[in-house]
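Spelled out from the first residue to the last, the chains are:
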Amino acid sequence: MTRDKVSFAFSTGFNYSGYVESELDLPDANADCARAALTGTRSEAVDSTPLLAELWRQHSGALWENGRHKENCCAFVHEIHDFMQLQRIATYDDMLIDRLVDHFRKLGNRNSTINRKLSALYRLLRKAERSGQIARLPSYVRLRERNSRVRFLTLEEEAVMFSAIGERNPHHELLCMFLLDTGARIGEALALKWGDIHKGVATFWLTKSGRSRSVPLTERAAEALALVSARAHGTTGPFSTIPYANFKYNWNQARKENRFSDDPHMVPHILRHTCASRLVQAGIDLRRVQTFLGHQTIQMTLRYAHLATNDLDQCATALNAINRAGVASGTGSET
């Protein structure tokens, strides 16, 4: 990649017409997410129990920072609120949790999705309990999650996707390169400031876990930032002028052009999976991969453990050495 071959304009405008749906039809985190409760009468026994939408309006600002995670939780909470209203459920008890699990499973939700929805509910109800708005929290045992298939890009798939995206918007192609080589979530990359990049290291402050993370830049990631810097006059960060919906639209167009439309895993987050997979395949130990990606628990990183097949060869090599030493000393057995 050479700088003189790259020419693009920094603009927050969209290069397409029409409405584009995001992956989830989520409400704006900066707007008042509390929708009006369905009209109807409530008995005197439950009249003092606050509606879930009202609890969100009161406490969401203190519990969640603005961003896509808050938007997701907002959607989860209001989905549960609507279910409670339609089923005329007015108490937060164990029966509610059982009915929600049954309802979500009938919708085809996986255990991992159900856990995330109920996690948002519990966080809100825990705040309400501490505030004296509900008497007790319902009990819930986290559902067991099965490891889903990890899909990552081959070098050939990377080349055709990046090329197609670059033809539509070179700035977006540079973002893809940065995401793949840093393992950053897209929200982390879009929020990155120029001041967060120092001596070949990028520090992400707005992360999903709430903990900052610093990662060294590859030569390709550093070159991508240099190309952006040459034309990003007056911007707060290398990718701060890219609207997510615009990037997602161009990604989906490249996906269609390369006949990946039927592949549900071909979404921008695959770049993060690809980064993790390549690190493990290269022999990087899982603890380092966990730190590099910012996983809160090692269990999340273990999804990629099956790719580290070469590590098992070291086990056989070690045992072979012990066996040979035993045979040489006359204390071991030989087949």
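The preceding data block contains the structure.
Residues numbered from 1 in each chain as written. Predicted model: local features only at pLDDT ≥ 70, side-chain atom pairs only at ≥ 80, totals over all residues. Heavy atoms only, no water.

### With respect to the overall build of the protein chain
Right, on to step 1. Secondary structure summary: the protein chain contains 13 helices and 3 strands in total.
Right, on to step 2. When each of the 335 residues of the protein chain is scored for burial, the buried share is 42%.
Right, on to step 3. Contacts in the protein chain between residues far apart in sequence, at least 24 positions, make up 66% of those at least 6 positions apart.
Right, on to step 4. With an accessible surface of roughly 19200 Å², the protein chain has 50% of that area assigned to carbon and sulfur atoms. (Helix = DSSP H or I, 4+ residues; strand = E, 2+ residues; numbered from the N terminus. Buried < 20%, exposed > 50% of the residue type's maximum accessible area, 1.4 Å probe, protein only. Contact = heavy atoms within 4.5 Å. Areas by Shrake-Rupley, 256 points an atom, 1.4 Å probe, with all protein chains shown as cover.)

### Observations regarding the nonpolar core
Right, on to step 1. Counting residues in each nonpolar core, the largest one holds 47 residues, and the members touching the most others are Leu-175, Phe-178, Phe-239, Trp-251 and Leu-271.
Right, on to step 2. Breaking this core down by element, the ones donating at least two residues are α5 (155-168), α6 (170-182), α7 (186-190), β2 (201-204), α8 (219-229), α9 (244-257), α10 (270-281) and α11 (286-293).
Right, on to step 3. In terms of residue count, α6 provides more of this core than any other element does, 7 residues in total.
Right, on to step 4. Other than its neighbours up to four places away in sequence, Trp-251 contacts Met-161, Ile-165, Cys-176, Met-266, Val-267, Pro-268, Ile-270 and Leu-271.
Right, on to step 5. By size, the runner-up hydrophobic cluster in this structure holds 30 residues, among which are Leu-63, Cys-74, Leu-118 and Leu-137. (Core = buried A, V, L, I, M, F, W, Y, C linked by side-chain atoms within 4.5 Å.)

### As for unusual backbone geometry
Right, on to step 1. Of note in this structure, Lys-199 is not a glycine but carries a positive phi near 50°.
Right, on to step 2. When you line up the elements, Lys-199 lands in the loop between β1 (197-198) and β2.

### Observations concerning the sheet that holds β2
Right, on to step 1. Spatially, β1-β2-β3 is the arrangement adopted by the 3 strands of the open sheet, whose pairing is antiparallel. Two strands bound the open sheet, and with one partner strand each, they are β1 and β3 (213-216).
Right, on to step 2. Both β2 and β3 contribute to a ladder of 4 bridges, which runs antiparallel. Paired with Thr-203 across the two strands is Ser-214, which belongs to β3. (Pairing = 2+ DSSP bridges.)

### Examining the pattern of salt bridges
Right, on to step 1. The tally for this structure, following the rule as stated, stands at 13 salt bridges.
Right, on to step 2. Close ionic contact of Arg-136 with Asp-94 constitutes a salt bridge, the shortest N to O distance being 3.9 Å. In this pair, Arg-136 is assigned in the loop between α4 (111-130) and α5 and Asp-94 in helix α3 (residues 94-106), connecting sequence segments 42 residues apart.
Right, on to step 3. A relative accessible area of 44% means that Arg-136 is categorised as partly exposed.
Right, on to step 4. Two residues, Lys-106 and Asp-102, come together in a salt bridge whose shortest N-O distance is 3.3 Å. Linking Lys-106 with Asp-102, this pair stays in helix α3, spanning 4 residues, or about one helical turn.
Right, on to step 5. One network of salt bridges, with partners in common, ties together Glu-158, Asp-181, Arg-220 and Arg-278. (Salt bridge = Lys/Arg side-chain N within 4 Å of Asp/Glu carboxyl O.)

### Description of helix α1 (residues 52-63)
Right, on to step 1. Its 12 residues give α1 an end-to-end C-alpha distance of only 14 Å, which falls more than 12% under 16 Å, the value for a rise of 1.5 Å per residue.
Right, on to step 2. Every buried residue belonging to α1 is among Leu-52, Ala-53, Leu-55, Trp-56, His-59, Ser-60 and Leu-63, and all of these are buried. Mapping the buried residues of α1 onto a view down its axis gives an arc of 145°, with all of them on the same face. Exposed residues on α1 whose side chains face more than 90 degrees from its buried face are Gly-61 and Ala-62.
Right, on to step 3. Of the surrounding elements, those touching the buried residues of α1 are α2 (68-86) and α4. (Expected span 1.5 Å × (residues − 1). Arc of directions from axis to C-beta.)

### Concerning the pairing of β2
Right, on to step 1. Bridge count between β1 and β2: 2 bridges; the pairing is antiparallel. Following the sheet pairing, Ile-197 is matched in β2 by Ala-202.
Right, on to step 2. Where β1 folds back on β2, the antiparallel hairpin that results is connected by 2 residues, among which Lys-199 adopts a positive phi of roughly 50°.

### Focus on the environment of Ile-165
Right, on to step 1. By secondary structure assignment, the location of Ile-165 is in helix α5.
Right, on to step 2. Note: C-alpha distance between Ile-165 and Arg-255 (90 residues apart in sequence) is 9.0 Å.
Right, on to step 3. For Ile-165, the contacting residues outside a window of four places in its chain are His-172, Glu-173, Cys-176, Asn-250, Trp-251 and Ala-254.

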